[in-house]
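Structural features, examined
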Amino acid sequence: MTVHPKPPGAEPFFLRTDLGQRFCLFHPPAGLRCHGAVLYVHPFGDEMNKARRMAALQARALAAQGYGVLQLDLYGCGDSSGEFAEARWEIWKDDLAAGCDWLLARLSAPLTLWGLRLGALLALDYAHGNTRHPLAQLVLWQPVQNGATFLTQFLRLLTANAMLADGADAKKPDKSTGTAALRAALLGGEMLEVAGYDIAPALAAAIDSRDAAKLAPLGCPVHWIETSAAPERPLTPAVVRLADGWREAGVDLHLQQVTCPPFWSTQEIAESPALLAATSALFQGAPHGLS
């Protein structure tokens, strides 16, 4: 079980769903007036654990600004019900719906989805065509733009581990196994263990098929924050292409770049005051119709 230090003022609880319970941490809004409700969508695998510190810091900052923030562990993740091997994309989308339902029942306030990395792609997929929970805005931290590319990069971890492993292990690929072969095996129906996580073929196929270019969020403003190791580094061509495509499709997109370490993957837990400040500024003064 993951140990969750309780931030000041936070309320830990388990949210009941049709598939067990989801561990949640709610940061109630400060002050007499609630400006809005925010649901945090965490990233994939160990990135979730590396990012917990930044997610908690941002949630507390938003709560201090008068927003109620819910951190929810998706099915099979953290202290929620289920094993990661049983996780499915559609179950995770149902988890977002359950989190939105809880927030709106508690606060009855304009709703924001805030996602990091693959969590941002999940938030986009949920928002696309969503009519159940009208959104006031989307906040995307370093969103995964293409699920197939993300899956390939994630499988490289298994290839690298196999290259470093000592001795033969029938359950792991040998040194001649490449990422392409692993990808074919996984999408062909074979369960694989990657960095300590058992990835089901159905989940891999769902991730593989998601493409942010096809999920243009038209119903609300979108705040996309890209991170960069150096302030002079330009946005990547892939980011520029996707942003241009979204704008051509009519997305109300606000894209900015912030100098920030990749805290979701650093060996030591890292923080980024610049990213926290940039995100808090998006909520200052209840922007884009939030009240």
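Look a little higher up for the structure.
In this report, the structure presented in the accompanying data block is examined.

Side note on the overall build of the protein chain
A count of helices and strands for the protein chain gives nine helices and 10 strands. Looking at the protein chain residue by residue over its 291 residues, the buried ones come to 53%.

Observations concerning empty space enclosed by the protein
What the rule picks out here adds up to two cavities of 30 Å³ or more. If you add up the space inside the largest cavity, you get close to 60 Å³. As for the largest cavity, its lining consists of Tyr40, His42, Met48, Arg52, Gln71, Leu72 and Asp73. For the second largest cavity, the calculated volume is near 50 Å³. Forming the boundary of the second largest cavity are His42, Pro43, Phe44, Gly45, Leu74, Cys77, Phe84, Trp92, Leu118, Gly119 and Leu122. Ranked by the residues each element gives to the lining of the second largest cavity, the list is headed by helix α4 (residues 118–127), at three residues. Tallied by class, residues from the lining of the second largest cavity come to eight nonpolar, three polar and no charged.

A word on the nonpolar core
Within soluble globular proteins, side chains that are nonpolar tend to cluster in buried spots. Ranked by internal contacts, the top residues of the largest apolar core, which has 67 residues, are Phe44, Trp92, Leu138, Ile199 and Trp246. Contact partners of tryptophan 92, with chain neighbours within four places excluded, come to Phe44, Leu74, Tyr75, Cys77, Phe84, Ala87, Leu122 and Leu203. In terms of nonpolar packing, the next biggest core, distinct from the first, is built from 25 residues, Ala51, Ala55, Leu57 and Ala278 among them.

Remarks on the side chain of serine 80
Within the element layout of this structure, serine 80 appears in the loop between β4 (67–72) and α3 (89–107). Among the residues examined, serine 80 registers a relative accessible area of 8% and is labelled buried. In this structure the side chain of serine 80 is engaged in a polar contact, spanning 2.5 Å, whose partner is the backbone oxygen of aspartate 73. Ignoring any residue separated from it by four or fewer positions in sequence, one finds serine 80 in contact with Gln21, Arg22, Phe23, Asp73 and Leu74.

Side note on the packing of α3 against α4
Viewed as axis vectors pointing N to C, α3 and α4 meet at an angle of 75°, and their least axial separation amounts to 10 Å. Taken together, the axes of α3 and α4 lie roughly perpendicular to each other. Judged by residue contacts, Trp89, Trp92, Lys93, Leu96, Ala97 and Cys100 of α3 engage Leu118, Leu121, Leu122, Ala123, Asp125 and Tyr126 from α4.

Section: the pattern of salt bridges
One pass over the structure, following the stated rule, counts 12 salt bridges. Between lysine 50 and aspartate 46 there is a salt bridge, and its shortest N-O distance comes to 3.9 Å. Note that lysine 50 and aspartate 46 are positioned in helix α1 (residues 46–50) at a spacing of four residues, about one turn of the helix. Under the relative-accessibility criterion, lysine 50 is labelled buried at 18%. Among the ionic pairs, arginine 53 bridges to glutamate 271, the shortest N-O distance being 2.8 Å. Note that arginine 53 is positioned in helix α2 (residues 52–64) and glutamate 271 in the loop between β10 (253–259) and α9 (273–283), a separation of 218 residues in sequence.

Observations concerning unusual backbone geometry
Phi at serine 108 takes a positive value of approximately 50°, unusual for a residue other than glycine. Note that serine 108 resides in the loop between α3 and β5 (111–116). With a phi angle near 45°, glutamine 142 is a residue other than glycine that sits in the positive phi range. Mapping glutamine 142 onto the fold places it in the loop between β6 (137–141) and α5 (147–164).

A look at the packing of aromatic side chains
Ring pairs (aromatic) are described by centroid distance and by the angle formed between their planes. Going through the model one piece at a time under the given rule, you end up with 17 aromatic pairs. Arranged with centres 6.3 Å apart and planes meeting at 50°, the rings of tryptophan 89 and tryptophan 92 form a pair that is tilted. Pair noted here: tryptophan 89 and tryptophan 92 are both in helix α3, with a separation of three residues, about one helical turn. Among the aromatic side chains, those forming a connected cluster through ring pairs are Phe44, Phe84, Trp89, Trp92, Phe150, Phe154 and Tyr197.

Criteria and thresholds
Residues numbered from 1 in each chain as written. Predicted model: local features only at pLDDT ≥ 70, side-chain atom pairs only at ≥ 80, totals over all residues. Heavy atoms only, no water. Helix = DSSP H or I, 4+ residues; strand = E, 2+ residues; numbered from the N terminus. Buried < 20%, exposed > 50% of the residue type's maximum accessible area, 1.4 Å probe, protein only. 1 Å grid on protein atoms, 1.4 Å probe; cavity = no way out; pocket = protein on both sides within 12 Å on 5 of 7 lines; lining within 4 Å. Points joined across faces, edges and corners; volume = space filled by probe spheres on them. Nonpolar A, V, L, I, M, F, W, Y, C, P; charged D, E, K, R; others polar. Core = buried A, V, L, I, M, F, W, Y, C linked by side-chain atoms within 4.5 Å. Contact = heavy atoms within 4.5 Å. Polar contact = N/O pair within 3.5 Å; in protein donor to acceptor, adjacent residues only side chain to side chain. Axes fitted to C-alpha atoms, helices over the stretch in contact; angles between N-to-C directions. Parallel < 35°, antiparallel > 145°, perpendicular 65-115°, else oblique. Salt bridge = Lys/Arg side-chain N within 4 Å of Asp/Glu carboxyl O. Phe/Tyr/Trp six-rings, centres within 6.5 Å; stacked < 30°, edge-to-face > 60°.

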